[in-house]
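Remarks on the overall topology
The lines below spell out each chain.
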Amino acid sequence: MAQDKPKNPEKHSTFIPKEKKSTKPFHDTPMLDQLESGPWPSFVTGLKRLAHNNNMMVDLMGQLEHSYKTRLGYWKGGTVSVFGYGGGIIPRFSEVAEMFPESKEFHTLRVQPPAGNHYTTNMLRQLSKSWEKYGSGLIAFHGQTGNIMFIGTTTENTQHFFDEINEYGFDLGGAGPCVRTAMSCVGSARCEQSNCNEQKIHRTLVNNFIDDMHRPALPYKFKFKVSGCPNDCMNSIQRSDFAVIGTWRDDMQVDQKEVKAFIKSKGRKYVIDNVISRCPTNALSLSDDDTLNVDNRNCVRCMHCINVMTKALAPGKDKGVSILIGGKRTLKIGDTFGTVIVPFMKLETDEDYEKIKEIASNTIDFWAENGLEHERCGEMIERIGLVNFLEGIGIEVDPHMISSPRTSSYARMDDWDQEAEKWRQRKQQAAG
Amino acid sequence: MAEAQAAKKQPPRPPIESGCPDGFQYMHPLMIKNYGNWKYHDRPRPGVLHHVAHSGDEIWTVRVGTQRQLGPYEINLLCDIIDKYGEGYVRFTIRSNMEIMVSSWEKVEPLIQALNDAGYPVGGTGNSVTMISHTQGWLHCDIPGTDASGVVKALMDELYEEFIHEDMPNRVHITTSCCQINCGGQGDIAINIQHTKPPKINHDLVANVCERPSVVARCPVAAIRPAMVNGKPSLEVDEKKCICCGACFPPCPPMQINDPEHSKLAIWVGGKNSNARSKPMFHKLVAAGIPNNPPRWPEVATIVKKILRVYKRDAKDWERVGDWVERIGWPRFFELTELPFTKFHIDNWRGSRNSLNASTHIRF
């Protein structure tokens, strides 16, 4: 275990430098010190290493220990920004600066990582070097919205640091009522279950709204997340206002030879108990000759069987995405999931990408017009009803949007005939 | 004089609004070459993924747990290892694990050895307990009721073996949140602050610091109203209506919601983001009133470990915590975990009747 004496103590997560370059003496941190033991790499040891280098981190550790002792936080917000932008920085001023003056300003810059969170070691070192120059040295990879969080610097240095990294290709993310930094999964870069080009969708969407990110003027935050398949590794249905999830509409791919090989290695009982009987729509059956039959019309693309039999099963070839709008956590009306707004669309041609940009900008425009202050898109939909939202963004109703039709009769249905006629015409158009 | 100063002053540099950087410039060459053309994957051992492309190319990924808050020493230490034993390419998962990609199986074991020798655990794949999703807490947030990094470190010490092995029925995602906004998100097990007393108002500051109408509007139960207190415009809270959610605190810091004694921790289970098998689920309350007890929060760890033990023993392969509870029912969950069931478990928020049992489906 990590607690045994390391083979190479100079190159170990428990290493503490002998030389102290910071001029300020350390505060006593008996509570934090208790978080240095144990097998998991300790952030406290990391903070101590930084405190050997700069006085800001000496006082930061003092304030953190003070929080541990008193069980209260001592940061307050404010307004800090770089030239030309209105957001992207989380200002933090200490409420206990008299005790810990060196960390009285301890702002965070939210920076957008490359789509898919890919880095070369050179780029990681370069970012770290820039931050050591202008900030505390402490970086969080990544925050819950998906930003690289450069934690801890003065008001003045936010500008210098931003200027430096902006020159080599990095830009601030969102903070406040604006379009926020997006997230996308590893997807097509390394995952056979991907159904779309996550890199391209992520960058097309978020870079199309860069003005709405840097100059917060929306009712509240708006997040895009992109997952390549319904496993939704980016948690997009629950954590984003605009979730793009890869899916397919033809038959899933079955390699019967590999099905047989899988049954041979795992046993028939395992396959029945863990694959066949776990299909949520009973769309799978195993034949007597150990081949798999799939009722593709009733497959809901849940991914379970594909997750278990990675070699034998794969998504179909007619790939595209579903779009769900309005996910968020508790505040203020309670949790909301994203709702299906586009059951399926192709994302291959330039026109397809124009179309998804249009859906996103119609959504943001309508919400910017109609959302109340501090009201997320999903909360607005809850308040005005899905149909009003759909009419606002110019999308027709579709039975894929609901779990069931209404159960309450309390609604006016004066123009039923016209609405039914619209449906018939749409069906004819689709057929024609 | 003033002119000379103005002349010396550089004009401010306009930002380059480049937005989200292109990931391809930092991507492993095999990932670029086989982009969109992968065939299947398997896991040769815990902490390692092996992906095979239609072209026949193979790539191995070693997943390593970190403390998320990294300084130059940690970054250079990990990058040195990646340069020496890997191929210089790395990415991060949504749960702050590092993924190091290499093009041959022979490189995997030496890489793991070097990471372990430096004190970094390899794991977090498949049916393990992976890294806890992590917010900012006392280190940097303006409204936290507790710390984040400390809770994560304390729990990951306890769950270390579950991170480096794949012994759970399915993957376990644990989340933490330092206030009821729940930045940590949905989790198989979520550990979140739950306030139990209304805000304490500093009436001297409210008028200067808070935009009063927007604070009134922020309250989910309309318990806040404008009032004159000691001759000053302020806000008052109807404490009978107040649900102690803390929504008023961010827009109005003089309405202090955090309390060293009365800000407690609550544990929620069964959140699931994936569509696999069942539809996505929100996590549900199972325990509250747990003391916020730094630096190691032992009472939280005891309950989390108890839930994990029961889940590991009782759930079927591939069942997430939420899937498992759906199958065995909530009465059995409380029976097996020996957690008390109280009136607070019964929802009374909007839509809550959907969470009541409107059937005779009862297990004995």
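Predicted model, so just to flag it, every value in this text is computed and none were measured.

When helices and strands are counted, chain A shows 15 helices and 16 strands. Each principal axis of the C-alpha distribution contributes one length, and for chain A these read about 75 × 60 × 40 Å. Buried residues in chain A amount to 58% of all 432 residues. Expressed as a percentage of contacts within chain A between residues at least 6 apart in sequence, the contacts between residues at least 24 apart total 65%. Of the roughly 18,600 Å² of accessible surface on chain A, 49% is carried by carbon and sulfur atoms. With 54 positive and 55 negative side-chain charges, chain A shows a separation of 6 Å between the mean positions of the two kinds.

So, on to the overall build of chain B. Within chain B, the secondary structure is distributed over eleven helices and 14 strands. Along the first, second and third principal axes, the C-alpha atoms of chain B reach 90 × 75 × 35 Å. Going through the 364 residues of chain B one by one, you find that 59% of them count as buried. Here chain B carries 42 positive and 39 negative side-chain charges, and the mean point of each set is 6 Å from the other.

Let us look at the side chain of B:N292. By secondary structure assignment, the location of B:N292 is in the loop between β14 (284-290) and α9 (298-314). Exposure remark for B:N292: the relative accessible area of 2% places this residue in the buried category. There is a polar contact of 2.8 Å between the side chain of B:N292 and the side chain of B:T146. The contacts of B:N292, once residues within four sequence positions are left out, are A:R71, B:W138, B:G145, B:T146, B:I193, B:S263, B:L265 and B:W297.

Another aspect to go through is the state of the cysteines. As enumerated under the stated definition, the model contains one disulfide over all chains in all. Between the sulfur of B:C210 and that of B:C252 lies a disulfide, 2.1 Å long from S to S. On the S-S bond that ties B:C210 to B:C252, the torsion sits near 75°, and the link is right-handed. Of this pair, B:C210 sits in the loop between α7 (203-209) and α8 (212-218) while B:C252 is found in the loop between β11 (232-237) and β12 (255-256), placing the two residues 42 residues apart along the sequence. Between A:C279, a free cysteine, and A:C302, which holds the nearest cysteine sulfur, the sulfur-to-sulfur gap is 6.3 Å. Of the residues examined, A:C279 reaches a relative accessible area of 13% and is grouped as buried. This cysteine, A:C377, is not joined by any disulfide, and A:C178 carries the nearest cysteine sulfur, 15 Å off.

Residues and elements named next belong to chain A. Segmentation of chain A into domains returns domain 1 (9-70), domain 2 (75-167), domain 3 (183-248 + 320-393) and domain 4 (253-314). Look at where the C-alpha atoms of domain 3 and domain 4 centre, and you get two points 32 Å apart. Taken together, the contact pairs seven residues of domain 3 with six residues of domain 4. Carbon and sulfur atoms make up 55% of the surface buried where domain 3 meets domain 4, a total of about 650 Å² over both sides.

The next subject is the nonpolar core. Counting residues in each nonpolar core, the largest one holds 64 residues, and the members touching the most others are B:I174 and B:I267. When residues of this core are assigned to their parent elements, the largest contribution, eight residues, is made by α9(B). Lining this core are residues from two domains, each supplying at least three of them: domain 1 (9-70) and domain 2 (75-167) of chain A. Excluding anything up to four places from it in sequence, B:I267 contacts B:I189, B:A190, B:I191, B:K284, B:L285, B:V286, B:A287, B:I290, B:V300, B:I303, B:V304 and B:I307. Within the second largest apolar cluster, 48 residues are counted, among which are A:V80, A:Y119, A:W131 and B:Y120.

All names here are of chain A. The strand order across the open sheet formed by five strands is β8-β9-β10-β15-β16, and the pairing between neighbours is mixed. The open sheet is flanked by β8 (183-184) and β16 (339-345), the only strands paired with a single partner. Relative to β16, strand β15 (residues 319-325) is paired through four bridges, and the arrangement is antiparallel. Counterpart to I323 in the pairing with β16 is V342.

This paragraph deals with the sheet that holds strand β5 (residues 89-92) of chain B. With antiparallel pairing, six strands are arranged side by side in an open sheet as β5(A)-β5(B)-β6(B)-β3(B)-β2(B)-β1(B). Looking at which strands have only one partner, the edges of the open sheet turn out to be β5 (118-120) of chain A together with β1 (38-45) of chain B. With strand direction ignored, the average angle separating the axes of adjacent strands in the sheet is 30°. Two strands pair when backbone bridges link them, and strand β2 (residues 48-53) of chain B and strand β3 (residues 58-64) of chain B are joined in this way by five bridges, in the antiparallel orientation. Bridging across to β3(B), B:H51 finds its partner in B:I59. In the packing of helix α4 (residues 121-134) of chain A onto the sheet, the strands contacted are β5 of chain A together with β5 and β6 (98-102) of chain B, and the crossing angle to β5(A) comes to about 85°.

Moving on, we come to α4(A). If you check α4(A), its first and last C-alpha atoms are 20 Å apart, about what 14 residues at 1.5 Å a residue would give, namely 20 Å. All of the buried residues along α4(A) are A:T121, A:M123, A:L124, A:L127, A:S128, A:S130 and A:W131.

Taken together, the contact between chain B and chain A spans 122 residues of the former and 123 residues of the latter. It is B:Y26, B:W138 and B:H140 that lose the most area in chain B upon contact with chain A, and together they represent 7% of the buried surface on that side. In this structure, the connection of chain B to chain A is made through eleven salt bridges. Here chain B and chain A share 73 residue pairs in polar contact (both at pLDDT 80 or more) between them. Examining the composition of the side of chain B that touches chain A, we find that ten residues originate from one element, helix α3 (residues 72-85) of chain B, more than from any other. Tallied by class, residues from the side of chain B that touches chain A come to 56 nonpolar, 40 polar and 26 charged. In this structure, strand β6 (residues 138-141) of chain A lies alongside strand β4 (residues 69-70) of chain B, joined through two bridges in antiparallel fashion. Bridge pairing in β4(B) places A:A140 opposite B:Q69.

Basis of the calculations
Residues numbered from 1 in each chain as written. Chains lettered and ligands numbered in written order. Predicted model: local features only at pLDDT ≥ 70, side-chain atom pairs only at ≥ 80, totals over all residues. Heavy atoms only, no water. Helix = DSSP H or I, 4+ residues; strand = E, 2+ residues; numbered from the N terminus. Buried < 20%, exposed > 50% of the residue type's maximum accessible area, 1.4 Å probe, protein only. Contact = heavy atoms within 4.5 Å. Areas by Shrake-Rupley, 256 points an atom, 1.4 Å probe, with all protein chains shown as cover. Lys, Arg positive; Asp, Glu negative; His and termini not counted. Charge placed at Lys NZ, Arg CZ, Asp CG, Glu CD. Polar contact = N/O pair within 3.5 Å; in protein donor to acceptor, adjacent residues only side chain to side chain. Disulfide = S-S within 2.5 Å. Domains from an automatic or database assignment. Buried area = accessible area lost by both parts, 1.4 Å probe. Core = buried A, V, L, I, M, F, W, Y, C linked by side-chain atoms within 4.5 Å. Pairing = 2+ DSSP bridges. Axes fitted to C-alpha atoms, helices over the stretch in contact; angles between N-to-C directions. Expected span 1.5 Å × (residues − 1). Salt bridge = Lys/Arg side-chain N within 4 Å of Asp/Glu carboxyl O. Nonpolar A, V, L, I, M, F, W, Y, C, P; charged D, E, K, R; others polar.

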